[in-house]
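Tertiary structure, described
In case you want the letters, here they are:
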Amino acid sequence: MDNKRKKRLLWQLPFLTLLIIGTIYVIRQQHATPYQKCSGLIFGTTYNITYQYGSDLQQELVAKMQEVDAALSMFNEKSIISRVNRNQPVELNDMFLDVFKQAGQISQDTQGAFDITVAPLVNVWGFGFKHGQLPDKETIDSLMTVIGYQKISCQGRRIVKQDPRIMLDCSAIAKGYGADAVARLLDERGIKNYLVEIGGEVVTRGVSEKRVPWRIGVTKPTDDNTQNGNELQTVLNITDKAMATSGNYRNFYYKDGRKYAHTIDPKTGHPVQHNILSATVLTNKCARADAYATAFMVMGLDKAKEVLRRNPDLMAYIIYDDHGQNKVWYSSSLKSKILE
């Protein structure tokens, strides 16, 4: 080795030493930083958030979820969406406008299978179940005249309806949007490892407390709404992804030997009758996953596959009934994330 190379190595050695020491320090700090946890109720459901950070951010996280609640929750009588539904004067905020725009885009892409104007139908079928009565044809036909995402628009910061009876229901996108909002807050704090779960809709980054990728179970559907839903169909590795699931296997009723599920087809005004039991969607944003999971439940497997083909960012895991037996179809791009 010549003298020049020796001198170069001698100069590099301190820098290499500092780099190694710095790397060891960072790794130790990562292991030493605790994982914080908070949970509670929001949007009429539960939330659970786990994140690695040196201090407790629960107050900020709850405040962020309350912002979403104040914009989009039908459980909150003072929310923007509740006031829109009552035709009261209200200025739309950025959160509402963002969700409204995303909902419109997904409605167009799914040819109306996802539609936030479906609220009156959901209500009438739900109330009918509770009273043991089903809505008649005249009631459904009347409500269908006010169903359709094309019948609402946004002008500036206000909603314009073609008919004042139109009501909006963002429940099939709001939980996912809420999870995204919390995830953005954690990203802004520089947090690299977290899991946000709101009502079963999930966003993850980095690794868990066990220093392994986040793993989320997909519940095995059972045609018995008294079950706790603890048995898993599979487990997915969803690190750095968002995931949402929609299913008809718990919220349903039988009447006169026929099953009526809670997912309503906006085009027919009736609960869907095809064989999909649950649709799980993975992509980069949970609001998008949430809305498409609902749309797939309405569309059925074949049409869902068409949507997936033109949206390569989406991955789906669909469980369906095949003559009394549960079967699974999933996107080929999802195969590496399935933990057998």
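Quick notes on the rules
Counting restarts for each chain, with residues numbered from 1 along the sequence as it is written. Where local features are concerned, this predicted model is filtered to residues with pLDDT of at least 70; where side-chain atom pairs are given and counted, the filter is 80 or more; whole-chain, interface and lining totals use all residues. As a rule here, side-chain values come from all non-hydrogen atoms in the structure, and water together with hydrogens is ignored. Every case where a carboxyl oxygen of Asp or Glu lies within 4 Å of a side-chain nitrogen of Lys or Arg is listed as a salt bridge. Each helix is a run of DSSP H or I of at least 4 residues and each strand a run of E of at least 2, with the numbering of both proceeding from the N terminus. Under the scheme applied here, a residue whose accessible area is under 20% of the maximum for its type counts as buried, over 50% as exposed, and between as partly exposed, the area being computed with a 1.4 Å probe on protein chains only. Axis geometry follows a simple rule: fit a line to the C-alpha atoms, using only the stretch in contact for helices, then measure angles between N-to-C directions, giving values from 0 to 180 degrees. Under this scheme an angle from 65 to 115 degrees is roughly perpendicular, one under 35 degrees roughly parallel, and one over 145 degrees roughly antiparallel; angles in between are oblique. Each helix crossing is assigned a hand: it is left-handed if the near helix lies turned anticlockwise from the far helix by less than a right angle, otherwise right-handed if that turn is clockwise. We call two residues in contact when some of their heavy atoms are within 4.5 Å. Each residue gets one label: Ala, Val, Leu, Ile, Met, Phe, Trp, Tyr, Cys and Pro are nonpolar, Asp, Glu, Lys and Arg are charged, and the others, such as Gly, are polar. The rule is short: rings of Phe, Tyr and Trp, with Trp giving its six-membered ring, pair when the centres are within 6.5 Å, and they are stacked under 30 degrees, edge-to-face over 60, tilted in between. pLDDT is a per-residue confidence score from the predictor, ranging from 0 to 100. The pairing criterion for strands is at least two bridges between them, as found by DSSP. Nitrogen and oxygen atoms within 3.5 Å of one another constitute a polar contact, given that in protein one can donate a hydrogen and the other can accept it, and given that sequence-neighbouring residues count only through two side-chain atoms.

Moving on, we get to the pattern of salt bridges. Under the counting rule described, the total for this entry stands at eleven salt bridges. The closest approach of N and O atoms between Glu-201 and Lys-175, which form a salt bridge, is 3.9 Å. In this pair, Glu-201 is assigned in strand E6 (residues 201-205) and Lys-175 in helix H7 (residues 171-188), connecting sequence segments 26 residues apart. The class for Glu-201 is buried, based on a relative accessible area of 2%. Accessibility expressed as a relative area gives 21% for Lys-175, which makes it partly exposed.

Packed helix pairs are specified by the crossing angle of their axes together with the interaxial distance, meaning the distance between the axes. Look at helix H4 (residues 94-109) against helix H8 (residues 286-299): their axes get within 11 Å of each other, and the N-to-C directions meet at 40°. As far as their axial angle goes, H8 and H4 are oblique. In this structure, the crossing between H4 and H8 has a hand that is right-handed. Where H4 approaches H8, its residues Gln-102, Ile-106 and Asp-109 are matched on the opposing element by Ala-287, Arg-288, Ala-291 and Tyr-292. When grouped by side-chain class, the residues that make up the contact of H4 with H8 number four nonpolar, one polar and two charged.

Before going further, it helps to spend a moment on the packing of aromatic side chains. Given two aromatic rings, their pairing is described by the distance between the two centres and the angle made by the two planes. Inspection of every chain in the model, using the stated rule, returns three aromatic pairs. Seen from their ring centres, Phe-96 and Phe-100 are 6.4 Å apart, and the 15° between their planes marks the pair as stacked. Residue Phe-96 and its partner Phe-100 are located together in helix H4, separated by four residues, close to a single helical turn. Classification of Phe-96 as buried rests on a relative accessible area of 1%.

Time to look at the confidence of the model for the protein chain. The share of residues in the protein chain with pLDDT of 70 or more is 82%, and the mean pLDDT across the chain is 86. The secondary structure element of the protein chain with the lowest average pLDDT is strand E10 (residues 252-255), at 48, and the one with the highest is strand E5 (residues 194-198), at 98. This stretch, residues 21-29, has a pLDDT under 50; its non-local contacts, to residues over four places away or in other chains, come to zero contacts. Across residues 127-131, where pLDDT falls below 50, the model places five contacts with residues more than four positions away in sequence or in other chains.

Time to look at the sheet that holds strand E2 (residues 45-52). One open sheet holds the eight strands; their spatial order is E1-E2-E5-E6-E9-E12-E13-E14, and the pairing between them is antiparallel. Each end of this open sheet is capped by a strand with a single partner; those strands are strand E1 (35-42) and strand E14 (325-330). With strand direction ignored, the average angle separating the axes of adjacent strands in the sheet is 10°. Along the sheet, helix H2 (residues 58-72) contacts E1, E2 and E5; its crossing angle with E2, the most-contacted strand, is approximately 140°.

On to the sheet that holds strand E7 (residues 215-219), then. Spatially, three strands are ordered E7-E8-E15 in an open sheet, and the strand pairing comes out antiparallel. Sheet topology places E7 and strand E15 (338-339) at the edges, where each strand pairs with a single neighbour. The pairing of strand E8 (residues 232-237) with E15 spans two bridges and is classified as antiparallel. Bridged to Val-235 within E15 is Leu-339.

A few words on the environment of Lys-175. Distance in space between the C-alpha atoms of Lys-175 and Cys-286 is 8.2 Å, their sequence separation being 111 residues. Here the side chain of Lys-175 touches Gly-199 through a polar contact of 3.5 Å, landing on its backbone oxygen.

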